[in-house]
Amino acid sequence: MALTGLEIYKHLPKTNCKDCGFPTCLAFAMKVAVKQVGLDKCPHVTPEASAALEAASRPPIQLVTIGTGAGEIKIGNETQLYRHEEKFHRPTAIAVRISDRWDEPAIVERAKAIGGLAFDRVGVRIRVNLVAVENESGDAARFEKAAKLASEGSGLACVLMSPKAENLRRAAAAISGQRPLLYISDPAQAEAAAQIAKDEHCPLAVRADGLEALAELTGKMAGLGVEQIVLDPGTRGVKATLEALSKVRRLALKNFRPLGYPAMAVTTSPDPTMQAIEASTYVAKYAGIVVTDACQPWQLLPVLTTRQDIYTDPQKPVAVEPKLYPVGAVTQDSPLLVTTNFSLSYYSVEGEVEASRVPAYILAVDTEGTSVLTAWASDKFNADTITKAMKKAEVEGKVAHRTLVLPGFVAVLSAGVEDESGWSVQIGPKEASGIPSYLKKQWKPR
Ligand code: SF4
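Note that the structure is predicted; figures quoted are calculated from it, not measured.

Engineer: Residues and numbers for the overall build of the chain, please.
Structural biologist: Looking only at helices and strands, the chain has 16 helices and 17 strands in total. Expressed as a percentage of its 446 residues, the buried residues of the chain come to 47%. By sequence separation, contacts in the chain at least 24 residues apart represent 64% of the contacts at least 6 residues apart. On the chain, roughly 20700 Å² of surface is accessible, and the fraction owed to carbon and sulfur atoms is 53%. Seen as two clouds, the 51 positive and the 50 negative side-chain charges of the chain have centres 2 Å apart.

Below, the structure is given as structure tokens:
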């Protein structure tokens, strides 16, 4: 939790010597609190005070790293209950489950499919992050083999799930150096698993029935020297899991250190649609990792879309660069459509232009990432801003005609744009879905 200026001030020498460049210790403390200057700028802070400040300013939820290299995933380090106060920082890692009961071809096929579960949405690549290998067989050799196949086949970091610590050791050794998350489902074997996590330099997920038991268990794990811990509150089913995840987050933010770790949830519904709904629910409410059987694109796209939306900054509209975008093999006779630089507006238009197979230019006007009607209502999308955007993008040199297409909802701007720009204006459809029909049947330059 961030410290206030006064809390920091209590640990400073209070001599007002000005060596830090500030007139008083209090002024310096205020700047440190808002992270405009580092504590190291005061040469007189004692090591004890420095250590105390560092401990007090530690994030309430431990940062946990799984995997290595390009597949590395970081979860935790969140500081808020509500995203309107500050954006959530570490998107939930989605792990798709593989059972070591399956035969080898089935494991390889599923692992490859999981590794390919990625989608482009509003200009961003969203994907599944982890493959979870479950030791359902209870057999160490099968688990070890499945871990290796899943890791190689998917190219993703792994979660290794077993009730037996010794089986975890075998599987972790099989993919040694790849920093899988070791998940021990039997609390009685957690201490043995802690030793393996330390030996293999892996994070450890522990499960206990109830938050009190979980807090006790993490205390033991921390005492054994395991720093990176993931919590499984042991609940299954939406209601109980949602309650547990919310309680863990609340307690962690109150600096209850035994639960100050990212939490994980496991989907259990036998219904494929409910699997996706369950996973999306846990993404929305505080899961650091969701382990799911959902493996079809139609199941995972809504889960990943939920994650993308939850982890954007609500105080900053998602925007594309304001500029002229050619879509398809454009020529000087291609239509010129105007929209705003709000991502959802731009990509809706782009998607429909692509679907129409009519190559066209899209001019995304800088409206600070707001949608067409919002920007029009706040006077950011008007004759002046549209004309300026046209000039900046040098559209005159790109198309031979002098006709642009305005979104149907802002037809009221057409006379002003014609006066200001000297171009003809055509009124396009109100909804982006009408663009293909409009481009094929109605658009023609004047
Ligand atoms: S250098 Fe340290 S002791 Fe001196 S004024 Fe700045 S904060 Fe205070």
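Engineer: Kindly report on the pattern of salt bridges, identifying the contributing residues and their values.
Structural biologist: Inspection of every chain in the model, using the stated rule, returns 14 salt bridges. Here Lys 239 and Glu 243 are joined by a salt bridge, their closest N and O atoms 3.1 Å apart. Taken together, the residues span about one helical turn, with Lys 239 and Glu 243 both in helix α9 (residues 238-253) at a distance of four residues.

Engineer: Tell me about the environment of Leu 214, and please be specific about residues and values.
Structural biologist: Inspection of the secondary structure assignment puts Leu 214 in helix α8 (residues 211-223). Take Leu 214: its relative accessible area is 0%, and that puts it in the buried class. Residues Leu 214 and Cys 20 lie 194 residues apart in sequence; the distance between their C-alpha atoms is 45 Å. Discounting chain neighbours no more than four positions away, the residues touching Leu 214 are Val 206, Arg 207, Ala 208, Leu 231, Asp 232, Pro 233 and Leu 259.

Engineer: Any details on the nonpolar core? Residues and values, ideally.
Structural biologist: Formed by 69 residues in total, the largest nonpolar core has its most connected members in Leu 160, Leu 182, Leu 204, Val 206 and Met 221. Beyond its immediate sequence surroundings of up to four residues, Leu 160 is in contact with Val 133, Phe 143, Ala 147, Leu 168, Ala 171, Ala 172, Ile 175, Pro 180, Leu 181, Leu 182 and Tyr 183.

Engineer: Explain the packing of helix α5 (residues 140-154) against helix α6 (residues 165-174) to me, using residue names and the numbers behind them.
Structural biologist: Here α5 crosses α6 at 30°, and the two axes come no closer than 8 Å. Taken together, α5 and α6 sit at an angle that is classed as roughly parallel. Crossing of α5 against α6: the hand is right-handed. Two secondary-structure elements touch here, α5 through Ala 140, Ala 141, Phe 143, Glu 144, Ala 147 and Lys 148 and α6 through Asn 167, Leu 168, Arg 170, Ala 171 and Ala 174. The residue inventory of the contact of α5 with α6, partitioned by class, reads seven nonpolar, one polar and three charged.

Engineer: I'd like a rundown of the packing of helix α7 (residues 190-200) against α8, residues and numbers included.
Structural biologist: Packed helix pairs are specified by the crossing angle of their axes together with the interaxial distance, meaning the distance between the axes. Their axes nearest at 10 Å, the elements α7 and α8 cross at an angle of 40°. Taken as axis vectors, α7 and α8 run oblique relative to one another. Between α7 and α8 lies a crossing whose hand is right-handed. Mapping the contact onto sequence places Ala 190, Glu 191 and Ala 194 in α7 and Leu 217, Lys 220 and Met 221 in α8. Grouping the amino acids of the contact of α7 with α8 by side-chain chemistry returns four nonpolar, no polar and two charged.

What counts and how
Residues numbered from 1 in each chain as written. Predicted model: local features only at pLDDT ≥ 70, side-chain atom pairs only at ≥ 80, totals over all residues. Heavy atoms only, no water. Helix = DSSP H or I, 4+ residues; strand = E, 2+ residues; numbered from the N terminus. Buried < 20%, exposed > 50% of the residue type's maximum accessible area, 1.4 Å probe, protein only. Contact = heavy atoms within 4.5 Å. Areas by Shrake-Rupley, 256 points an atom, 1.4 Å probe, with all protein chains shown as cover. Lys, Arg positive; Asp, Glu negative; His and termini not counted. Charge placed at Lys NZ, Arg CZ, Asp CG, Glu CD. Salt bridge = Lys/Arg side-chain N within 4 Å of Asp/Glu carboxyl O. Core = buried A, V, L, I, M, F, W, Y, C linked by side-chain atoms within 4.5 Å. Axes fitted to C-alpha atoms, helices over the stretch in contact; angles between N-to-C directions. Parallel < 35°, antiparallel > 145°, perpendicular 65-115°, else oblique. Left-handed = near helix turned anticlockwise from the far one by under 90°. Nonpolar A, V, L, I, M, F, W, Y, C, P; charged D, E, K, R; others polar.

These figures capture arrangement, not role.
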